[in-house]
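Architecture and fold: a report
Take a look at the letters that make up each chain.
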Amino acid sequence: MKLLKLFASYYKPYKGLFALDMIAAAIASLLSVAFPSLTRFLLNDVIPSQNITLMLKIFALMLVIYLVQMFCTWIRIKWGHILGVWIENDMRRDIFSHLQSLSFSYFDKTKTGSLMSRITNDLFNIAEVAHHCPEDFLISILTIAASYVAMFSFSAPLALITLIPLPVMLVYGIIFNKRLKSKNRAVRRTVADIAVDVENSIQGIREVKGYSQEEFQKKKFGFSNAKLKETREKYYATMASYQSGISFMREMYYFITVAGGSLLISLGYVSVADLLSFVLFVSVVLPPIDRLINFTEQFSQGVASFERFVEVMECEAEIKDKEGAKDIEVKEGTIKFENVSFSYQKEGDSRTIDNLNMTIPGSKHVAFVGESGAGKSTIASLIARYYELDGGRITIDGVDIKDVTQKSLHDAVGFVRQDVFLFDASIRENLRYGKSDASDEELLLALKKANLLDFVLSLPKGLDTEVGERGTRLSGGQKQRLSIARCFLKDPPIIVFDEATSSLDTESEALIDEAFKSLRNGRTSITIAHRLSTVIDSDIIFVIDKGRLVEEGDHHSLIKKGGIYSRLYSKGVEA
């Protein structure tokens, strides 16, 4: 019932168009009964009386009926499908908008290929159901009902005989509808798995070839492909049993009508004209039965797809703005961690960050160092509230980040990550993620600060150059510098450099380091360092080990202390 109400809500904006489609379907259904009735009238009354004028009038009426049916069919096909497209568009808008609102934790657990399948294949199935199912159901019920009203008025005994196959067909359809629904769900899940395998293989093609794992990918895909083949085979086996049984019953419909009519003629209960009109009625009733067959199959697909759509829509963001949340105003930029605990896996005792207490002074340049997996990047992500804390709190200038809007917090914190993501768009569009209304002059200045201006100006299309999927048309260093330029445009009061120069050569690294020093003046800046030589000039270095703060101080004091930092620095560990 809940699913039905939600689905019906998507019809509300287009109820006028939906009514037009249903009215056209109803008119066409009712008019389909007219031809057998007029034929019976011709055979029983008009032809025996040799009334040529009335006969011509009936022929003209038949032609008008066919023209009206043609117009109704045009309305159904054009505007009915447009109705489905509009509903699909609204649902795709809603699910995409909802995905944008979900927290990082949802995407950490959900496969991209699965989401793509829901946004494309599933919504197409739903659109087909939105158009065809109500229309087909109405046409089928009205046509069958109107036909039997006419048939009972002509000959109740023969009408009763022709009713024999209908309940059998109904029970048969209900039983197989459940089986088809179950099988179709399995197919949908397997298609999503295929999409994930293909996406991973294509996006990771460099790693696949670099490690000579082509055969492994083929075997992995082959397993998913074989599973899809198996599930589809089972689905089509069920569908074949269903449709072959229904087809047999349709043929029996003719047989029962002809056999029953012949017996009634021999007994003197009906005329030959009655039997002929009933055979015509059978030809009118059978197409709605075909529609019901398609309705059952399509409905099972649509329900499975809609359930998957609702499954995403019912997922709530782990992180929400609290009531009365205000935009953050960063003045000094002092960040405090007070007894902060966090774990990606909420079950178990393993914590990524454990009872962390730390103060990052405003307008200072600090660094997080430690071995891989110590929790450095996680700590930075928690500042922007990309994940919800398990315990403790984080404040910026004394304001708990839970008391401010996420948008203003995200605007206040800029990231330049080690793993750069560039959109499959132009350099200009990628840069404008930092500032959507940036002028070309601002874009060029940001590129200059990031030591990328000369390269961009040397390109034939300049700022309009397409970077390719995930920036594949750029080198690693160029992608990194483009990401840095994007952060320059954002101009946030708090900046996080997650080993932003790791992909650059020595000369470029020096230029970026100089630009970064200029950018961080008057701001709170955090460098997540794997290469310890990049953090020597930091005001404070925080040494993180297994989610805990174990040391803090400047480079010289930490060296004198002879602790973890000193050991990492002396060994030249790139953690």
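Report on the accompanying structure. (Residues numbered from 1 in each chain as written. Predicted model: local features only at pLDDT ≥ 70, side-chain atom pairs only at ≥ 80, totals over all residues. Heavy atoms only, no water.)

Per the stated rule, a full pass over the model turns up 19 salt bridges. Across the salt bridge formed by Asp274 and Arg40, the nearest N and O atoms sit 2.5 Å from each other. One end of the pair, Asp274, is in helix 11 (residues 272–313); the other, Arg40, is in helix 3 (residues 34–49), with 234 residues separating them in the sequence. Take Asp274 and Arg40: they sit in the same class, and that class is buried. Its salt-bridge partner being Lys435, residue Glu442 comes within 2.6 Å of it at the nearest N-O pair. Each of Arg428, Arg432, Asp440 and Asp464 takes part in a single network of salt bridges with overlapping partners. (Salt bridge = Lys/Arg side-chain N within 4 Å of Asp/Glu carboxyl O. Helix = DSSP H or I, 4+ residues; strand = E, 2+ residues; numbered from the N terminus. Buried < 20%, exposed > 50% of the residue type's maximum accessible area, 1.4 Å probe, protein only.)

The relative placement of two packed helices comes down to the angle between their axes together with the axis-to-axis distance. Helix 4 (residues 52–101) packs onto helix 2 (residues 15–32) with a crossing angle of 150 degrees between their chain directions and a minimal axis gap of 8 Å. Judged on the interaxial angle alone, helix 4 and helix 2 are roughly antiparallel. Handedness of the crossing formed by helix 2 with helix 4: left-handed. Contacts between helix 2 and helix 4 involve Leu17, Phe18, Leu20, Asp21, Ala24, Ala25, Ile27, Ala28, Leu31 and Ser32 on the former and, on the latter, Ile65, Val68, Gln69, Cys72, Ile75, Arg76, Trp79, Gly80, Leu83 and Trp86. (Axes fitted to C-alpha atoms, helices over the stretch in contact; angles between N-to-C directions. Parallel < 35°, antiparallel > 145°, perpendicular 65-115°, else oblique. Left-handed = near helix turned anticlockwise from the far one by under 90°. Contact = heavy atoms within 4.5 Å.)

Further remarks concern the environment of Thr405. As for its position among the elements, Thr405 is in the loop between strand 5 (399–400) and helix 13 (406–412). For the pair Thr405 and Asp321, spaced 84 residues apart in the sequence, the C-alpha separation amounts to 5.6 Å. Residues contacting Thr405, with those up to four places away along its chain left out, are Asp321, Ala325, Lys326 and Asp327. Reaching out from Thr405, the side chain makes a polar contact with the side chain of Asp327 at a distance of 2.8 Å. (Polar contact = N/O pair within 3.5 Å; in protein donor to acceptor, adjacent residues only side chain to side chain.)

What follows is about the side chain of Ser147. Inspection of the secondary structure assignment puts Ser147 in helix 6 (residues 112–154). On the accessibility criterion, Ser147 (0% relative accessible area) is buried. In terms of polar contacts, Ser147 uses its side chain to reach the backbone carbonyl oxygen of Thr143, at 2.7 Å. Those residues within four positions of Ser147 in sequence are excluded, and the remaining contacts are Val33, Phe281, Val284 and Val285.

Attention now goes to empty space enclosed by the protein. One pass over the structure, following the stated rule, counts 1 cavity of 30 Å³ or more. The volume enclosed by the largest cavity comes to roughly 40 Å³. Lining the largest cavity, in full, are Leu382, Arg385, Tyr387, Glu388, Leu389, Arg393, Ile394, Asp400, Ile401 and Lys402. Class assignment for the residues of the lining of the largest cavity results in 5 nonpolar, no polar and 5 charged. (1 Å grid on protein atoms, 1.4 Å probe; cavity = no way out; pocket = protein on both sides within 12 Å on 5 of 7 lines; lining within 4 Å. Points joined across faces, edges and corners; volume = space filled by probe spheres on them. Nonpolar A, V, L, I, M, F, W, Y, C, P; charged D, E, K, R; others polar.)

In this description, an aromatic ring pair is defined by two values, namely the gap between the centres and the angle between the planes. Summed over the entire model, instances satisfying the criterion amount to 18 aromatic pairs. On the numbers, 6.3 Å between centres and 75 degrees between planes, the contact of Phe278 with Phe281 is edge-to-face. Taken as a pair, Phe278 and Phe281 lie in helix 11 at a separation of 3 residues, close to a single helical turn. No difference in accessibility class separates Phe278 from Phe281, as the two residues are buried. Summarising the aromatic geometry, the rings of Phe306 and Phe309 are spaced 5.7 Å apart at their centres and angled 25 degrees between planes, so their arrangement reads as stacked. (Phe/Tyr/Trp six-rings, centres within 6.5 Å; stacked < 30°, edge-to-face > 60°.)

Strand pairing in a sheet relies on backbone hydrogen bonds. The paired strands run either parallel or antiparallel. Read from one edge to the other, the open sheet built from 4 strands follows the order 2-1-4-5, with strand pairing classed as antiparallel. Edge positions in the open sheet fall to strand 2 (353–360) and strand 5, since each of these has one partner strand only. In the sheet, strand 4 (residues 391–396) pairs with strand 5 via 2 bridges, with the strands oriented antiparallel. Looking at strand 5, one finds that Ile396 is bridged to Val399. Against the sheet, helix 12 (residues 376–383) makes contact with strand 1 (335–342), strand 2 and strand 4, and its axis sits at roughly 115 degrees relative to strand 1, the strand it touches most. (Pairing = 2+ DSSP bridges.)

In contact at an axis separation of 8 Å, helix 15 (residues 440–449) and helix 17 (residues 476–490) are set at 125 degrees when each is read in the N-to-C sense. Viewed along their axes, helix 15 and helix 17 adopt a mutual orientation that is oblique. For the crossing formed where helix 15 meets helix 17, the hand is right-handed. Residues Glu442, Leu443, Ala446, Leu447 and Lys449 of helix 15 lie in contact with helix 17, whose contacting residues are Leu482, Ala485, Phe488 and Leu489. Residues belonging to the contact of helix 15 with helix 17 are distributed by class as follows: 7 nonpolar, no polar and 2 charged.

At Asn355, a position not held by glycine, the phi torsion is positive, near 50 degrees. With respect to the secondary-structure elements, Asn355 resides in strand 2.

We now examine the sheet that holds strand 7 (residues 494–498). Taking strand neighbours across the sheet as the criterion, the 6 strands line up as 6-7-8-3-9-10 in an open arrangement whose pairing is mixed. Both outer strands of the open sheet, strand 6 (413–416) and strand 10 (548–553), are each paired with one neighbouring strand and no more. Between one strand axis and the next, the sheet turns through 20 degrees on average, direction left out of account. The sheet strands contacting helix 17 are strand 6 and strand 7, and the helix crosses strand 6 at an angle near 170 degrees. Lying on the sheet, helix 20 (residues 564–571) is in contact with strand 3 (365–369), strand 9 (540–545) and strand 10; it crosses strand 9 at an angle near 95 degrees.

Turning next to the pairing of strand 1. The sheet contact formed by strand 1 and strand 2 spans 5 bridges and is antiparallel. Pairing of Phe337 across the sheet is with Met358, part of strand 2.

Ranked by size, the top nonpolar core spans 35 residues in total, and within it Ile335, Phe337 and Ile360 carry the most contacts. Leave out the neighbours within four places in its chain, and Ile335 touches Met358, Thr359, Ile360, Ile383, Ile394, Thr395, Ile396, Ile494, Thr524 and Ile526. (Core = buried A, V, L, I, M, F, W, Y, C linked by side-chain atoms within 4.5 Å.)

To continue, consider helix 17. Here helix 17 contains 15 residues, and its C-alpha end-to-end distance of 22 Å stays within 8% of the 21 Å for a straight helix at 1.5 Å per residue. Along helix 17, 12 of the 15 residues are buried, which leaves the element largely enclosed by surrounding structure. Within helix 17, the full set of buried residues consists of Gly477, Gln478, Gln480, Arg481, Leu482, Ser483, Ile484, Ala485, Arg486, Cys487, Phe488 and Leu489. Once helix 17 finishes, Asp491 follows within two positions and takes phi at roughly 55 degrees, a positive value. (Expected span 1.5 Å × (residues − 1).)

Time to look at the pairing of strand 9. Extensive coverage of strand 9 is indicated by the burial of 5 of its 6 residues. Where strand 3 meets strand 9, 4 bridges bridge the pair, whose relative direction is parallel. Of the residues in strand 9, the one forming a bridge with Ala367 is Ile541. In terms of strand pairing, strand 9 meets strand 10 through 5 bridges, oriented antiparallel. When the sheet's bridge partners are listed, Asp545 is paired in strand 10 with Arg548. A loop of 2 residues connects strand 9 with strand 10, the two strands running antiparallel in sequence, and Lys546 in this loop sits at a positive phi of about 55 degrees.

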